[in-house]
Amino acid sequence: MNISQHWRLNDQRYQLVGEQCPHCSTRIFPPRDACPECARPAQDLFTFAGTGAVYSFTRVLDAPEGFEDQTPYYLALVQLDEGPLVTAQLTDLDGEPGIGDRVEMVTRKLRTDGPQGIIVYGYKFRPMLRPD
Ligand SMILES: [Zn+2]
């Protein structure tokens, strides 16, 4: 991927865009074009608010390639307020996360890609600054 392509794709990376089933209204993330609830086609885009709660988490010491310089970090299953579970790294933590902690999506550097050193940004979740 060249640098201009990379920047054009950024809008999609700054929001959690999934789908909403037009038949049963289930919200779907990540997008898969078929509803997991009723198995009918679901291609209507839906932008999630980016808020949720920690459903479960694990402390990662042995990171996959490209993430080595970030260890140790917490990888969480976040339950979005709209329902779906999303796997994402937790960031800006002040100590250990807890099950049920309120979190919000932020855009952060994920990793550096390839010999050109293109920095890839994506979503992570941090403790909600103003708990609701
Ligand atoms: Zn459905």
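Each chain carries its own residue numbering, running from 1 in the direction its sequence is written. Residues qualify for local features only when their pLDDT is at least 70, as the model is predicted, and side-chain atom pairs are given and counted only at 80 or more; totals for whole chains, interfaces and linings, by contrast, use all residues. As a convention, hydrogens and water are excluded, and side-chain values are obtained from all of the structure's heavy atoms.

S.K.: What is the right way to read the coordination of the zinc ion from this model?
M.R.: Only nitrogen, oxygen and sulfur atoms qualify as donors, and only when within 2.8 Å of the metal (3.2 Å in the case of Na, K and Ca); with water excluded, sites may look incomplete. For the zinc ion, the full set of protein donor atoms is Cys 21 (SG), Cys 24 (SG), Cys 35 (SG) and Cys 38 (SG), and the range of their distances to it is 2.3 Å. Geometry assignment treats four donors as tetrahedral when all angles are between 85 and 135 degrees, treats four as square planar and six as octahedral when opposite donors are over 155 degrees apart and all others between 65 and 115, and treats everything else as irregular. Metal-centred angles of 105 to 120° between the four donor atoms at the zinc ion mark the site as tetrahedral. Mapped onto the sequence, the donors of the zinc ion take the spacing C-x2-C-x10-C-x2-C. With Cys 21 in the loop between strand S1 (17-20) and strand S2 (27-28) and Cys 35 in the loop between S2 and strand S3 (44-47), the pair connects residues that are 14 residues apart, well separated along the chain. Take Cys 21 and Cys 35: they sit in the same class, and that class is buried. Numbering of helices and strands starts at the N terminus; helices are DSSP runs of H or I of at least 4 residues and strands are runs of E of at least 2. The cut-offs for exposure are 20% and 50% of the maximum accessible area for each residue type, with area from a 1.4 Å probe on protein chains only; residues under the lower value are buried, those over the upper are exposed, and the others partly exposed.

S.K.: Would you mind going over the pattern of salt bridges with me for this structure?
M.R.: Think of it this way: side chains of opposite charge can pair up when their charged atoms draw near. The rule for a salt bridge is simple: a side-chain nitrogen of Lys or Arg has to be within 4 Å of a carboxyl oxygen of Asp or Glu. Applying the stated criterion across every chain yields a total of two salt bridges. Among the ionic pairs, Glu 104 bridges to Arg 126, the shortest N-O distance being 3.0 Å. One end of the pair, Glu 104, is in strand S7 (residues 102-113); the other, Arg 126, is in strand S8 (residues 118-127), with 22 residues separating them in the sequence.

S.K.: Help me out: how do you make sense of the side chain of Lys 124 in this one?
M.R.: Structurally, Lys 124 can be placed in strand S8. Other than its neighbours up to four places away in sequence, Lys 124 contacts Gln 70, Gln 89, Thr 91, Glu 104, Met 105, Val 106, Arg 108, Lys 109 and Leu 110. Throughout, a contact is declared for two residues whenever any of their heavy atoms are within 4.5 Å.

S.K.: Help me understand the packing of aromatic side chains in this model?
M.R.: Any two aromatic rings considered together are summarised by their centre-to-centre distance and by the angle between their planes. Any two rings among Phe, Tyr and Trp, with Trp reduced to its six-membered ring, count as a pair given centres within 6.5 Å; such a pair is stacked if its planes are under 30 degrees apart, edge-to-face if over 60, and tilted if neither. Overall, the coordinates contain five aromatic pairs when judged by the stated rule. For the pair Phe 57 and Tyr 74, a centre-to-centre distance of 5.8 Å together with 75° between the ring planes defines the contact as edge-to-face. Residue Phe 57 is found in strand S4 (residues 51-60), and its partner Tyr 74 is found in strand S5 (residues 73-80); the two are separated by 17 residues along the sequence. Judged by relative accessible area, Phe 57 falls into the partly exposed class, the value being 28%. Their ring planes at 80° and their centres at 6.3 Å tell us that Tyr 123 and Phe 125 sit as a pair that is edge-to-face. We classify Phe 125 as buried; its relative accessible area is 0%. Connected via pairs of aromatic rings, a cluster forms that spans Phe 29, Phe 46, Phe 48, Tyr 123 and Phe 125.

S.K.: I would appreciate a short explanation of the sheet that holds S3 in the present structure.
M.R.: Think of a sheet as strands paired side by side through backbone hydrogen bonds, with each pair either parallel or antiparallel. The three strands lie next to each other as S2-S1-S3, forming an open sheet whose pairing is antiparallel. Unpaired on one side and paired on the other, S2 and S3 mark the two borders of the sheet. Where S1 meets S3, four bridges bridge the pair, whose relative direction is antiparallel. Note on S3: the bridge partner recorded for Gln 20 is Asp 44. For two strands to pair, DSSP has to find at least two bridges joining them.

S.K.: Just checking my understanding: could you explain the nonpolar core for this structure?
M.R.: Nonpolar side chains in soluble globular proteins tend to end up buried together. The biggest cluster of nonpolar side chains holds 15 residues, and the ones touching the most others in it are Leu 16, Phe 48, Val 78, Leu 80, Leu 90, Val 103 and Phe 125. At four residues, S5 tops the list of elements feeding residues into this core. Sequence-distant contacts of Phe 48, defined by excluding residues within four places in its chain, comprise Leu 16, Gly 18, Arg 27, Ile 28, Phe 29, Leu 80, Glu 82 and Pro 84. Nonpolar cores were defined as sets of buried Ala, Val, Leu, Ile, Met, Phe, Trp, Tyr and Cys residues, with membership established by side-chain atoms within 4.5 Å.

S.K.: Help me understand unusual backbone geometry in this model?
M.R.: A negative phi holds for most residues other than glycine; trans holds for most peptide bonds. In this structure, the amide linkage connecting Phe 29 to the following residue, Pro 30, adopts the cis form with an omega of -10°. With respect to the helices, strands and loops of the structure, Pro 30 is situated in the loop between S2 and S3. Residue Pro 72 is reached from Thr 71 by a cis peptide bond, and omega for that bond is -10°. Mapping Pro 72 onto the fold places it in the loop between S4 and S5. Its identity as a non-glycine residue notwithstanding, Ser 25 has a phi of 70°, on the positive side. Topologically, Ser 25 is positioned in the loop between S1 and S2. When its relative accessible area of 43% is taken as the criterion, Ser 25 is described as partly exposed. Even without glycine at this site, Asp 92 takes up a positive phi of about 55°. Relative to the helices and strands, Asp 92 resides in the loop between strand S6 (85-90) and S7.

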